[in-house]
Number of protein chains: 2
Amino acid sequence: MIAEIICVGTELLLGNIVNTNAAYLAEQCAMLGVSSYFQVVVGDNKERLMYVIKTAAERSDVVILCGGLGPTEYDLTKETVAEFCNRKMYEDAHSKACLEQYFAARGLEMTENNLKQVMIPEGAKVLDNPNGTAPGVIVEEEQTKYILLPGPPMELQPMFENHVMTYLKGLTGEEICSQTVKLCGASESKVETQIKDLIDAQSNPTIATYAKPGEVHIRVTAKAANQKEANKIMKPVVKELKSRFGHQIYTTDEKVTLEKAVVELLQGADLTIGLAESCTAGMLSARLVNVPGVSDVYKMGVTTYSNKAKRTLLNVKKSTLRKHGAVSQQTAEEMVKGCAQLTGADVTVAITGVAGPDGGTEEKPVGLVYIACNVKGNIRIKKHQLKGSRSKIRENTTSLALTLVRECVMEYLSRVTFGKK
Amino acid sequence: MIAEIICVGTELLLGNIVNTNAAYLAEQCAMLGVSSYFQVVVGDNKERLMYVIKTAAERSDVVILCGGLGPTEYDLTKETVAEFCNRKMYEDAHSKACLEQYFAARGLEMTENNLKQVMIPEGAKVLDNPNGTAPGVIVEEEQTKYILLPGPPMELQPMFENHVMTYLKGLTGEEICSQTVKLCGASESKVETQIKDLIDAQSNPTIATYAKPGEVHIRVTAKAANQKEANKIMKPVVKELKSRFGHQIYTTDEKVTLEKAVVELLQGADLTIGLAESCTAGMLSARLVNVPGVSDVYKMGVTTYSNKAKRTLLNVKKSTLRKHGAVSQQTAEEMVKGCAQLTGADVTVAITGVAGPDGGTEEKPVGLVYIACNVKGNIRIKKHQLKGSRSKIRENTTSLALTLVRECVMEYLSRVTFGKK
């Protein structure tokens, strides 16, 4: 089955916003085993919108349109699809009731132009939108199905997950399931080499790798008559991946991020964490706090950007800074010790590096980073030489720090468990 | 002049990466006054790539293609454009020399397949790529010009700015200049109302507003025979905007971000800054450190996520936390005072709020945020009720904090200047 994604909005053509909807929809389609050969962006212009719908209809089984369902005269997606499919529009009583309820619940008054949003092409399926004012619509023609979704990601994504996913599975007539095995501390090329035999032998399930900043994801996708069968097909491959990559796998759950995995590991081990950041300057801290409920394990962190801050907050010795410099193994070690003393946390992390673009030397070039992790007095320090822009170097450093924390905590746990036996 | 943007890469069709190149190129074209009606994404497939090039050629004066210039057999953009335009390919000696130099400078060995990258369609212009291995190419046909750029943004963007911009200006035969007036602490709808008369009366220059997180940008664009003329046309409008929005304007320089403006303000006033963050947990700190050279003014910051951290690091009173809670005006005030004491900075900022999704109450709902700014003892505290997801609330809070710092420092400067007189 072939799907085409059409994103509607002049703001995309002007580059005012980045098209995250296309990436989201494309990824979802790929996970459902639906192929996609083209993505198109078109403005709020009826003639050109009609043209791209016609082109997409000729080459696809499913056309997913997003955006252009708003209340203004520039919102034309529904009207244009209806015209292309020769459908009249009617005011849908159910959608109107939902809309009135939406406004009432927020203590807002509904304006006349919102009623445009409950005009539905005849015979279409309506997808409720509890997160906004534009219902989604599915118009089914014999050859092609048109799925119209609202533009705001906070409305589009739940609508896709709650309605469109099931609908697409129904169309394909088979269950397509995928499982993502997420690795940290591995390079994509190395991972690919390690599973080349599996990739070469693949048919069902299929196996693909994806590089993410500081991570590699391996996606296993199976087609089957039902979910149970699909799971049965994937199981031995996932098991094989687990045996090949072992502890490098931090999750097999699509929704779990690296920071979430680290927070859950700390929660499970009943360990608190404290941070001392220099070049990342709060990025790691902010990333941990992406995880709701992190307050169980994370209480405080410091950004010690200057040498003086390293001295006063973390007790880094003046002589160490003078002798070895702020970006050195020795400073990282004293930082992480000082961080343990300051925060009283069980696990502490210290980061110091040259983020650039200036400040690099031959001996200590831009991208040189030291990350130290201290688990109850056991300290491990890693040195990295990273590439890219200032922000890239800092971002990658946070992933590497999370990876190091994971390694050190797992090592600690195995030590403790062994000690108890 | 009409341009079409074609992004080539199966990774885009699979949703593995977000198409930031399309947004960048679209914005650049818009700023140059080049219209764009369609954007297309196509995979690494010759037949389909040929099809979209043909379609684009029929409806555009300029076709900008990005991606697919790499050394692998899947990189087909150059070959397909050459075939479409009936051009043979030759090994370009200049590009080969650049490539060899690129590898030599990095101490790397060039592999045979890299030579594919220096194959150039006959008669094409070559755009040097000091940041990567794929040169850019411009193929000029009578009706349509084809601009081929490498996919990595770190290669594409400098190539666009150093070569393509001038080329496009040459094609339009007129200078299109724009100036962006950036505001903080303003809402887009209010800004639009305040300049409705200017927008209604616009022809040359044109005026448009763009909402960014916590900011509004107003872009003034003029067409003229040359840059001097264009500047002359823009000048009175920019002057009028300055008089209407005054201190809300933090820059009229496209390259200056809000954090950069704040850092420059602090540098100019010779003031240091210290941070105490709770719900943002280092986001503001990390954002300040986006600015190279920030170490002049920013030395240290703390993330005090728990009540205990607020007490021990910032001396917030136990009774204050008990009586008013961690998210309160009183706690924000004690945090900012404690931050001044801890960091010794001239300007200190404290942030405390409910980022959600849990932890909200009727009295203190998700999105309630207090931001305090202390300039040498003068404290100002702002309360905000924000909407959106956990990350949205935290992101917006950092913009609001930067806005508050700016206001307080400017107020301080005017006070000091007045006092001196």
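Residues numbered from 1 in each chain as written. Chains lettered and ligands numbered in written order. Predicted model: local features only at pLDDT ≥ 70, side-chain atom pairs only at ≥ 80, totals over all residues.

## Remarks on the overall build of chain A
For chain A, the helix and strand inventory stands at 15 helices and 17 strands. Each of the three principal axes of chain A carries a C-alpha extent, and together these read 80 × 50 × 45 Å. A buried classification covers 45% of the 421 residues belonging to chain A. For chain A, restricting intrachain contacts to residue pairs at least 6 apart in sequence, the fraction spanning at least 24 positions comes to 66%. (Helix = DSSP H or I, 4+ residues; strand = E, 2+ residues; numbered from the N terminus. Buried ≥ 20, exposed ≤ 12 C-beta atoms within 10 Å, placed from the backbone. Contact = placed C-beta atoms within 7 Å.)

## Considering the relation of the copies chain A and chain B
It takes a turn of 180° to lay chain A on chain B, together with a shift of 0.3 Å along the axis; the resulting RMSD is 0.3 Å. Taken together, the turn and the small shift mark the pair as related by a two-fold rotation axis. Most of the interface of chain A is mirrored in chain B, where 96% of its interface residues are also at the interface. (Least-squares fit on C-alpha atoms with pLDDT ≥ 70 in both.)

## Focus: the sheet that holds strand 15 (residues 347–353) of chain B
Sheet architecture is open: 10 strands sit in the order 17(A)-16(A)-15(A)-13(A)-14(A)-14(B)-13(B)-15(B)-16(B)-17(B), paired in mixed fashion. The outermost strands of the open sheet, each flanked by one partner alone, are strand 17 (378–385) of chain A together with strand 17 (378–385) of chain B. Across the sheet, the axes of successive neighbouring strands diverge by a mean angle of 10°, strand direction being ignored. Contacts from helix 14 (residues 329–343) of chain A reach strand 13 (273–277), strand 14 (298–304), strand 15 (347–353), strand 16 (368–375) and strand 17 of chain A within the one sheet, and its direction differs from that of strand 15 of chain A by about 145°. (Pairing = 2+ DSSP bridges. Axes fitted to C-alpha atoms, helices over the stretch in contact; angles between N-to-C directions.)

## Overview of the interface of chain A and chain B
Chain A puts 52 residues into the contact, and the matching count from chain B is 51 residues. For the side of chain A that touches chain B, the secondary structure elements donating two or more residues are helix 1 (10–13), helix 2 (20–31), strand 2 (35–42), helix 11 (283–288), strand 14, helix 12 (307–314) and helix 15 (390–420) of chain A. Here the side of chain A that touches chain B is built from residues that sort into 28 nonpolar, 18 polar and 6 charged. In terms of strand pairing, strand 14 of chain A meets strand 14 (residues 298–304) of chain B through 5 bridges, oriented antiparallel. (Nonpolar A, V, L, I, M, F, W, Y, C, P; charged D, E, K, R; others polar.)

## So, the packing of helix 12 of chain A against helix 14 of chain A
All names here are of chain A. Remark: helix 12 packs on helix 14, axes separated minimally by 9 Å, with the N-to-C direction vectors making an angle of 40°. By the angle class used here, helix 12 and helix 14 are oblique. Contacts between helix 12 and helix 14 involve Lys310, Leu313 and Leu314 on the former and, on the latter, Thr331, Glu334, Met335, Gly338, Cys339 and Leu342. Looking at the contact of helix 12 with helix 14 residue by residue, the classes come out as 5 nonpolar, 2 polar and 2 charged. (Parallel < 35°, antiparallel > 145°, perpendicular 65-115°, else oblique.)

## Brief notes about the environment of Gly33 of chain A
Residue and element names in this part refer to chain A. Positionally, Gly33 belongs in the loop between helix 2 and strand 2. In this structure, the C-alpha to C-alpha distance between Gly33 and Asp61, residues 28 residues apart in sequence, is 13 Å. Setting aside anything within four residues of it in sequence, one finds Gly33 in contact with Thr172, Ile176, Thr221 and Lys223.

## What to know about the confidence of the model for chain A
In low-pLDDT regions, the fine details of the predicted coordinates are not to be read closely. Across chain A, the average pLDDT comes to 93, with 99% of residues at or above 70. Interface confidence for the predicted complex, expressed as ipTM, amounts to 0.85; the pTM equals 0.86. (pLDDT = per-residue confidence, 0-100.)

## Observations regarding the sheet that holds strand 11 (residues 215–224) of chain A
All names here are of chain A. Reading across from one edge, 10-11-9-12 is the order of the 4 strands in this open sheet, with antiparallel pairing throughout. Looking along the sheet, the strands with just one partner apiece sit at the ends: strand 10 (206–212) and strand 12 (249–251). Strand after strand, the sheet turns through a mean of 35° between neighbouring axes, direction not considered. Relative to strand 12, strand 9 (residues 175–184) runs antiparallel, the two being bridged by 2 bridges.

## What to know about helix 9 (residues 227–245) of chain A
Owing to its 3.6 residues per turn, the α-helix aligns residues three or four sequence positions apart on the same side. Residues and elements named next belong to chain A. Helix length check: helix 9 (19 residues) gives 26 Å between terminal C-alpha atoms against 27 Å at 1.5 Å per residue, within 8%. At Met234, helix 9 is bent by approximately 35°, the largest bend along its length, and proline Pro236 sits one to four residues beyond. Along helix 9, the positions that sit buried rather than exposed are Ala230, Met234, Val237 and Leu241. Lining the buried residues of helix 9 we find strand 9, helix 8 (196–200), strand 10 and strand 11. Backbone geometry just downstream of helix 9 places Gly246 in the positive-phi region, at approximately 45°. (Expected span 1.5 Å × (residues − 1). Bend = angle between axes of the 7 residues up to and from the residue.)

## Quick look at the packing of helix 2 (residues 20–31) of chain B against helix 6 (residues 153–172) of chain B
Residue and element names in this part refer to chain B. Their axes nearest at 11 Å, the elements helix 2 and helix 6 cross at an angle of 10°. With respect to their mutual orientation, helix 2 and helix 6 come out roughly parallel. From helix 2, Thr20, Asn21, Tyr24 and Gln28 reach across to helix 6, where they touch Pro153, Leu156, Gln157 and Phe160. Considered class by class, the residues forming the contact of helix 2 with helix 6 number 4 nonpolar, 4 polar and no charged.

## Quick word on unusual backbone geometry
The omega torsion of the bond from Asn204 of chain A to Pro205 of chain A falls at 10°, within 30 degrees of zero and hence cis. When you line up the elements, Pro205 of chain A lands in the loop between helix 8 and strand 10. In this model, Gly356 of chain A is joined to Pro357 of chain A through a cis peptide bond whose omega is 0°. Looking at where Pro357 of chain A falls in the secondary structure, it is placed in the loop between strand 15 and strand 16. The backbone of Asn86 of chain B shows a phi angle near 55°, a positive value even though the residue is not glycine. Its place among the elements puts Asn86 of chain B in the loop between helix 4 (77–84) and strand 4 (89–91).

## With respect to helix 5 (residues 93–105) of chain B
In this model, helix 5 of chain B (13 residues) spans 18 Å end to end at C-alpha, consistent with the 18 Å of a helix rising 1.5 Å per residue. Just downstream of helix 5 of chain B lies Gly107 of chain B, where phi reads positive at about 65°.

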